[in-house]
Structure formats: C-alpha cells, structure tokens
Amino acid sequence: MKKVPSKPRLWAGSRRKKWVIQAVFFAVFLLLCTSMHYPWRSWIPYRLFLDLDPMSSLAALSGTRQFFLLALLMVVVALVWGRIFCAYVCPLGFCIDVVDHGLGKTGRRPAIRKCPQDEEEEGVRHEAWSEPSRGAFASSGLQGVSLGLVFVGLAFKNSLPLVLDPIGLATRSFAVIFYPLGIWVANGTIGMVRPLAEQRGWYGLAYHAYLQPGFQAAIGNLILLMLVLGLGLLTRRFWCRSLCPLGALLGLLGRLAPSRRRVTAACTACGQCHGACPMGAIEEDPFRTRQSACIQCKSCQAVCPVDAISFSLRPRPASRYLPLPEGFSRRKFFFGIGLGSMGIVLTRLDPRYVKKTDRTLRPPGALPEEDFLATCIRCGACLRICVTHTLQASGME
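This report concerns the structure included in the present document. (Residues numbered from 1 in each chain as written. Predicted model: local features only at pLDDT ≥ 70, side-chain atom pairs only at ≥ 80, totals over all residues. Heavy atoms only, no water.)

### Brief notes about the packing of helix α4 (residues 69-81) against helix α14 (residues 245-254)
Right, so step 1: Packing of α4 against α14 brings their axes to within 7 Å, and their N-to-C directions diverge by 55°. With respect to α14, the axis of α4 lies oblique. Where α4 crosses over α14, the handedness of that crossing is right-handed. Residues Met74, Val75, Ala78 and Leu79 of α4 form the contact with α14, whose own contacting residues are Leu250, Leu253 and Gly254.
Right, so step 2: For the contact of α4 with α14, the class distribution of residues is 6 nonpolar, 1 polar and no charged. (Axes fitted to C-alpha atoms, helices over the stretch in contact; angles between N-to-C directions. Helix = DSSP H or I, 4+ residues; strand = E, 2+ residues; numbered from the N terminus. Parallel < 35°, antiparallel > 145°, perpendicular 65-115°, else oblique. Left-handed = near helix turned anticlockwise from the far one by under 90°. Contact = heavy atoms within 4.5 Å. Nonpolar A, V, L, I, M, F, W, Y, C, P; charged D, E, K, R; others polar.)

Here is the structure:
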C-alpha cells in the first residue's frame, strides 16, 4: 500500500497562526468590553464589534432607519471572502473553538485513509470505505430557520430573535456574567490582602472596594451560553454550522464570493481535508465544497499532503471549484418566517401589544418605546456601563 506523505510542521504552523489571529481579536474584544466605563472613553469605540455586525445594523434600520457603515464593510468582505469573519474575528467562534479543543474535537490530526488507487489494487470497492458524514446533519439548513426568525422579528419591529446573534451574545455574556464575576474576584482578593495592607499602611488599598454588580438575567444568559458551547459535544462548531443567524447571512453572501476552495488533479483522495474541516464544508468527494459553510480557515489546505488545495480570488492553473448542494433552502427559510410569525402572535411579543408597566425603566436618551424595542439587540452594553447598576434586563420583553 502506498503511503501518503504528511506535513506535520505545516499543519501545526497553520493552526498556530490561526489561533494567534483569533486570540488577538478576542483580546481586542475583551479590551473594548472592559472600556465600557463612564466617564472613561477608549480611543477605539467600544461598539466596534457591534457596529461591524450586520444583524445589529438591520435592527437599527428597522427602528431608526439608520445603517452602520462598518456593517457595510462586513458585507463587502463577505461578498469577497465569504465567512472569513467566522474563522478569525468572531469572539463567540473563538470560545467555541477553545471548548471544542478541550473536548478533544480538534486536538487530533485527521486520520489518513487509503486512496482509491490503493484500494483498487487490493480489490476493495469504493463504497467499503465511505462513511456517513455528520456534517450533512449539522449543515442541514437549520440556519435558514434561525435567519427566518430574525427577519420576521425585524419585520414586526421585534428584535427579540437577535438574542441568538453571536456578537450580541458574546457582549451580553461579558456584561452580565464575566464582568460581575471579575468584580467579585477582585473584591475577594482585596479582602484577603487587607490585613497586610493595614499593617503596611497602604490604606488606599486596604479600604478600597469595587461596587459589586448583579444582574437578574445572568442565570438565563449563562444557560444559553453553556448550551451554545456544549453543542460541541455533537460535532465541531455545531452552533456555527446549524444555528447561528449571522453565519447564515454571511453564508448567503459568501455564495457570490470569488475566493473559493479549489482543488487540482494532483489530489489523491486521502480524506484528510474531510477530517480537518471544522464546518463540514467538505464531504466524501474532496473536489466539492459547500461554499456557504466554508469559513476560509484553510485547515484543509494545511493538511493536504500534495498541495492540491488553494484559496485565492483567481484560480491557479489546473485548479477547479465544484459546488456541493447547499444546506440552506428557501423552504426552511420560509418555515422560519412562519414559525416566527406564529410565535409572535401566540406569545403576543409584538411590541404594539406588549403590556407596559410602571416598573419599566429605559436608559437615558432612549428612543420611543416601539422604536426602542425594534432597535435593542439585547447586547447588555447599557447594563454594563450603568454607573449605579440600576438597569436590569426585563426578561422576554
């Protein structure tokens, strides 16, 4: 049997580079979330990631007829490079990759399978080593349902489905879960060193304490975050493959992207690219790619033993792109629209019928009630920046 050469150094180097880029963007995200502190203003707007999000811009367009220019930049990037944002920039995607790595989903290099030429020599039929792909289920088009829910919510001026938006979810998780936890740890640490500080005369440290925030929505958001991260037990990046509405939108735009995965005739069909792809964009036929699922992470290119895979705006000589059937379908998109409409009617979440109470407290300078409910993406930034921590999320409003 012929042995397919491997490239362990290139594989490790490519993974390391991707992790570094993701970690840098995640550090910037944490820095911007930390900078949400009145009256201090960072030289980089703390809303940078939120303004990049086309979903939040669609909500703003629904309520205030405004659209963020940075979101247009994201649209242009998606039209050229597809879902590259999901691979390198998305903070929730980085957290999912970390958890998947901890679960052992990405810690091993994909196994090398026999190439068809070897199997023909050994008298083994091609069907004998073809295995069912779990990516087919993960990419089954559930994103069409979630995207339909978002669109019907925006049409009814109800941005509640945007609680599933990854940028809003990451920002809200920091604001109501990890920031209060960090303050609790800081106050506990100060309490531990207080006797030493008093003995040394460091009274500024000895009697210093941060105002401890507490949010009623912390438990609900923690359950949602754990659910999103725990879906990695099913398959790698299950949330990104099947449920993320932003990924579905970028995937639709990415169908038109000229930057594609292309394969030359040098491919030996060893199957390493199929095992390395975290999004299930490559199935048994290594020449075919599901463009709306490909996030341009180049994991398949890194493991290819014969350099048959390339990513570029222009195809190199003898390389070609063959599409796979897309999991996103119009039937599932309209099913999501119908499901969202039914949910709004049955649960009376339409802001025109939401019962107002005297306990409702809006942030200073908030829009009129109907526009506020249409524009608010439940990111939790106002809860984080409130000096007295008076603002609280109001559940399913």
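Once you've had a look at it, read on.
### Some details on helix α6 (residues 91-102)
Right, so step 1: The first and last C-alpha atoms of α6 sit 17 Å apart over 12 residues, in line with the 16 Å expected at 1.5 Å per residue.
Right, so step 2: When α6 is considered as a whole, its buried residues turn out to be Pro91, Leu92, Gly93, Phe94, Ile96, Asp97 and Asp100.
Right, so step 3: Immediately downstream of α6, the backbone of Gly104 shows phi near 85°, a positive value. (Expected span 1.5 Å × (residues − 1). Buried < 20%, exposed > 50% of the residue type's maximum accessible area, 1.4 Å probe, protein only.)

### Things to note about the packing of helix α9 (residues 142-155) against α14
For any two helices packed against each other, the geometry is given by the interaxial angle and the distance between the axes.
Right, so step 1: Between α9 and α14, the least distance of the axes is 8 Å, while the angle of their chain directions is 100°. Judged on the interaxial angle alone, α14 and α9 are roughly perpendicular. Of α14, the residues touching α9 (which contributes Gln143, Ser146, Leu147 and Val150) are Pro245, Gly247, Ala248, Leu249 and Leu252.
Right, so step 2: Among the residues making up the contact of α9 with α14, the classes are represented as 6 nonpolar, 3 polar and no charged.

### Some details on unusual backbone geometry
Right, so step 1: Its identity is not glycine, yet Arg237 carries a phi of approximately 50°, on the positive side.
Right, so step 2: Assignment of secondary structure puts Arg237 in the loop between α12 (218-230) and α13 (238-242).
Right, so step 3: Given the relative accessible area of 1%, Arg237 is considered buried.
Right, so step 4: Here the phi dihedral of Asp307 falls at roughly 55°; this positive angle occurs in a residue that is not glycine.
Right, so step 5: Its place among the elements puts Asp307 in the loop between α16 (299-303) and β3 (309-312).
Right, so step 6: Looking at Asp307, the relative accessible area reads 47%, which means it is partly exposed.

### What to know about the pairing of strand β1 (residues 260-264)
Right, so step 1: Within β1, 5 of the 5 residues are buried, leaving the element largely enclosed by the surrounding structure.
Right, so step 2: Side-chain alternation along β1 places Arg260, Arg262 and Thr264 on one buried face and Arg261 and Val263 on a second face that is also buried.
Right, so step 3: Here 4 bridges tie β1 to β3, and the two strands are oriented antiparallel to one another. Within β3, the position partnered with Val263 by the bridge is Ile309.
Right, so step 4: Note that β1 and strand β4 (residues 319-320) share 2 bridges and pair antiparallel. Along β4, the bridge assignment pairs Val263 with Arg320. (Pairing = 2+ DSSP bridges.)

### Here we look at the environment of Leu92
Right, so step 1: Examined against the element boundaries, Leu92 turns out to sit in helix α6.
Right, so step 2: Judged by relative accessible area, Leu92 falls into the buried class, the value being 2%.
Right, so step 3: For the pair Leu92 and Ala170, spaced 78 residues apart in the sequence, the C-alpha separation amounts to 5.8 Å.
Right, so step 4: With sequence-adjacent residues up to four places away left out, Leu92 is seen in contact with Pro166, Leu169, Ala170, Leu225, Val228 and Trp239.

### Here we look at the packing of aromatic side chains
Right, so step 1: In total, this model carries 6 aromatic pairs according to the counting rule given.
Right, so step 2: With a centroid separation of 4.9 Å and 35° between ring planes, the pair formed by Phe26 and Phe94 is classed as tilted. Of this pair, Phe26 sits in helix α1 (residues 8-34) while Phe94 is found in helix α6, placing the two residues 68 residues apart along the sequence. Pair check on accessibility: Phe26 and Phe94 agree, each one buried.
Right, so step 3: When the centroid spacing of 6.5 Å and the interplanar angle of 35° are considered together, the rings of Phe174 and Tyr179 count as tilted.
Right, so step 4: Judged by relative accessible area, which is 13%, Phe174 ranks as buried.
Right, so step 5: Three or more aromatic residues link up through ring pairs in this structure, and these residues are Trp19, Phe26, Phe29, Phe49 and Phe94.
Right, so step 6: The ring of Trp19 carries the charged tip of Lys18 above its face, separated from the ring centre by 6.0 Å.
Right, so step 7: Arg384 extends its terminal NZ or CZ atom over the ring of Tyr179, reaching a point 3.8 Å from the ring centre. (Phe/Tyr/Trp six-rings, centres within 6.5 Å; stacked < 30°, edge-to-face > 60°. Lys NZ or Arg CZ within 6 Å of the ring centre and 35° of its normal.)

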